[in-house]
Amino acid sequence: MPVRSAALYARISSDQDGTALGVTRQLEDCRRLAADLGWRVAAEYVDNDVSAYSGKRRPEYQRLLADLADGLRDAVIVYHPDRLSRIPAEVERFLDVLKAARVQHLQFVSTGGIDIGSGDGLLVLRVLGAVAANESATKSRRVKRKMDQRAELGLPHGGYHRPFGYDDDKMTVRKDEALVIRGLAARFLAGESLRSLAIWLDAEQVRTVAGGPWRTSTLRAMLSSGRIAGLREHRGQVIGKARWRRIISEAQRSRILARMAEQTVSGRRPPRRYLLSGMLRCGKCGNTLFSRARETTRRYVCSSGPDHGGCGRLTVVAGPLEELVAEMVLIRLDTPVLADALAGRMHDDERGAALSEALVDDRHQLDELAHLYATKQIPARDWLTARKPIQDRIDTAERSLARLSRSETLAGLVGHGHQLRAGWAQLNLTRQHAIVAAILDHVIIAPGALGARSFDPARVDPRWRL
Ligand SMILES: [Zn+2]
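Residues numbered from 1 in each chain as written. Predicted model: local features only at pLDDT ≥ 70, side-chain atom pairs only at ≥ 80, totals over all residues. Heavy atoms only, no water.

Some details on the packing of aromatic side chains
Piece 1. Enumeration according to the criterion identifies four aromatic pairs in this entry.
Piece 2. A centroid spacing of 6.4 Å and a plane angle of 70 degrees characterise the contact between Tyr-166 and Trp-244, whose relative ring orientation is edge-to-face. Taken as a pair, Tyr-166 in the loop between helix H5 (119-152) and helix H6 (175-189) and Trp-244 in the loop between strand S7 (237-241) and helix H9 (250-265) lie far apart in primary sequence, 78 residues in all.
Piece 3. Residue classification places Tyr-166 among the buried residues on the basis of a relative accessible area of 1%.
Piece 4. Each member of the aromatic cluster is reached from another via a ring pair, and the members are Tyr-9, Tyr-61 and Phe-94. (Phe/Tyr/Trp six-rings, centres within 6.5 Å; stacked < 30°, edge-to-face > 60°. Helix = DSSP H or I, 4+ residues; strand = E, 2+ residues; numbered from the N terminus. Buried < 20%, exposed > 50% of the residue type's maximum accessible area, 1.4 Å probe, protein only.)

Thoughts on the nonpolar core
Piece 1. Counting 30 residues, the largest nonpolar core has Leu-289, Tyr-300, Leu-321, Val-436 and Ile-445 as the members making the most contacts within it.
Piece 2. Listed by contribution, the elements that provide at least two residues to this core are strand S8 (280-282), helix H10 (318-333), helix H15 (429-439) and strand S12 (440-445).
Piece 3. Per-element tally for this core: the top contributor is H10, with seven residues.
Piece 4. Of all hydrophobic cores here, the second largest spans 28 residues; its members include Leu-197, Leu-223, Leu-231 and Ile-247. (Core = buried A, V, L, I, M, F, W, Y, C linked by side-chain atoms within 4.5 Å.)

Let's talk about the packing of H6 against helix H7 (residues 194-203)
Piece 1. At their nearest, the axes of H6 and H7 sit 10 Å apart, and the two run at 150 degrees to each other. Between H6 and H7 lies a crossing whose hand is right-handed. Together, Val-180, Leu-184, Arg-187 and Phe-188 of H6 and Leu-194, Leu-197, Trp-200 and Leu-201 of H7 make up the contact between the two elements.
Piece 2. Considered class by class, the residues forming the contact of H6 with H7 number seven nonpolar, no polar and one charged. (Axes fitted to C-alpha atoms, helices over the stretch in contact; angles between N-to-C directions. Left-handed = near helix turned anticlockwise from the far one by under 90°. Contact = heavy atoms within 4.5 Å. Nonpolar A, V, L, I, M, F, W, Y, C, P; charged D, E, K, R; others polar.)

Notes on the coordination of the zinc ion
Piece 1. The protein atoms donating to the zinc ion are Cys-282 (SG), Cys-285 (SG), Cys-302 (SG) and Cys-311 (SG), with metal-donor distances spanning 2.3 Å.
Piece 2. With four donor atoms in place around the zinc ion and angles of 99 to 116 degrees between them, the coordination shape is tetrahedral.
Piece 3. Here the donor residues for the zinc ion map to a single chain with the spacing C-x2-C-x16-C-x8-C. Taken together, the residues Cys-285 in the loop between S8 and strand S9 (290-294) and Cys-311 in the loop between strand S10 (297-301) and strand S11 (315-317) connect sequence positions 26 residues apart.
Piece 4. By relative accessible area, Cys-285 is classed as partly exposed at 37%. (Donors = N, O, S within 2.8 Å, 3.2 Å for Na, K, Ca; no water. Tetrahedral: all angles 85-135°; square planar, octahedral: opposite > 155°, others 65-115°.)

Quick look at the packing of H10 against H15
Piece 1. It is at 10 Å that the axes of H10 and H15 come closest, and there the two elements cross at 65 degrees. Judged by the twist between their axes, the crossing of H10 over H15 is left-handed. Counted together, Val-325, Val-329, Arg-332 and Leu-333 of H10 and Ile-435, Val-436 and Ile-439 of H15 form the full contact between these two elements.
Piece 2. Residue classes in the contact of H10 with H15 are distributed as six nonpolar, no polar and one charged.

See the structure below:
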């Protein structure tokens with residue numbers, strides 16, 4: 001019976017094994033073979049950039065199977081058996097479909113025709129499939145092993161883009177970008193949000209290596225990466241020192257991670273709206289005041305009701321209060337008392353360094369444990385048990401570090417209150433808030449005199465951190 005409705009199948013794979021042929025070339029060869037055999041081609045099925053080994057979906061292959069099952073095709077031409085599948089079970093499934101549909105003709109450009117009616121033909125196909133599968137597995141093992149070796153040597157991995165801060169060799173530090181990274185790290189540790197930093201980068205026309213604008217997710221990934229601290233990460237774990245130079249210290253990275261962790265723990269809060277959000281307490285009931293725009297005047301109010309639970313009987317005008325508190329903060333930054341207090345913080349710096357070091361050790365240990373578990377050297381239960389005390393230590397250290405990093409916000413500011421005052425209005429709100437929050441724990445607002453219309457500074461009772 002002459003072939004009236006043959007199917008051609010071609011696939012280009014993303015695995016760069018050197019044998020991957022362009023789809024066009026595959027199709028041309030298949031068409032030539034069809035012409036030689038005198039088969040009428042009814043349809044061509046082409047999958048782009050999917051490997052028969054990766055397990056990714058191949059929509060055209062599925063369509064081919066469906067059409068075969070529906071009896072629409074009476075013959076199939078494929079370039080090479082490995083284009084069909086490298087997974088033996090899948091080859092079997094393909095053969096089952098052919099058998100069920102009574103399709104007698106299967107031809108390969110590279111290996112010739114296979115008589116699928118005979119046992120020998122099937123055997124040949126299975127062997128070819130198995131060889132292809134083994135080649136592929138060996139190759140992916142080889143690639144993995146090479147990646148492991150590079151990681152162990154502390155060499156960079158072979159991504160397409162160079163990392164921000166480094167040259168195309170992924171080793172040499174780019175001075176201009178390193179400066180940007182150090183600036184970002186310092187500002188993040190001083191309390192600025194990732195969002196605010198992304199806006200700043202955009203304003204400064206600093207682009208990502210791909211030439212696009214920075215997103216908070218990209219920034220987060222870069223600032224938390226081991227890479228900029230000279231650490232080699234592999235499969236999500238720090239595995240040791242890298243060969244390239246660091247841009248920030250490991251201690252700084254620990255603090256960055258601590259601050260990120262603190263933010264995650266406190267949850268995704270809505271963006272801070274006002275300078276004193278969350279820092280004011282009701283003088284009557286002790287509840288936190290919330291800002292509320294009422295009529296024309298913005299106020300901080302004590303809210304009653306299920307979400308807030310305050311007494312609902314205290315309000316204060318926002319504008320004058322914010323001005324007064326900012327002024328108090330600026331004056332306090334100029335006092336010898338604060339300078340002394342900060343001098344005392346030198347101990348904290350030493351403590352911070354020790355904490356960071358311990359943190360780095362603990363993280364390494366956690367990574368090692370994870371590796372033992374991942375490579376099945378220890379069972380999950382042992383992993384979890386051993387993990388617990390280390391994780392507890394890490395949590396405690398991270399909390400202490402987060403506390404310490406608040407005093408870092410003030411580095412270089414003490415004694416410059418008058419200079420800071422001149423530029424205060426130009427600082428963005430997160431930065432202003434960070435400075436205020438670094439030295440001011442909270443402010444108690446006393447009840448106002450009944451019927452008083454103007455703001456009374458005597459109601460303001462600041463509780464300082466330093
Ligand atoms: Zn209240």
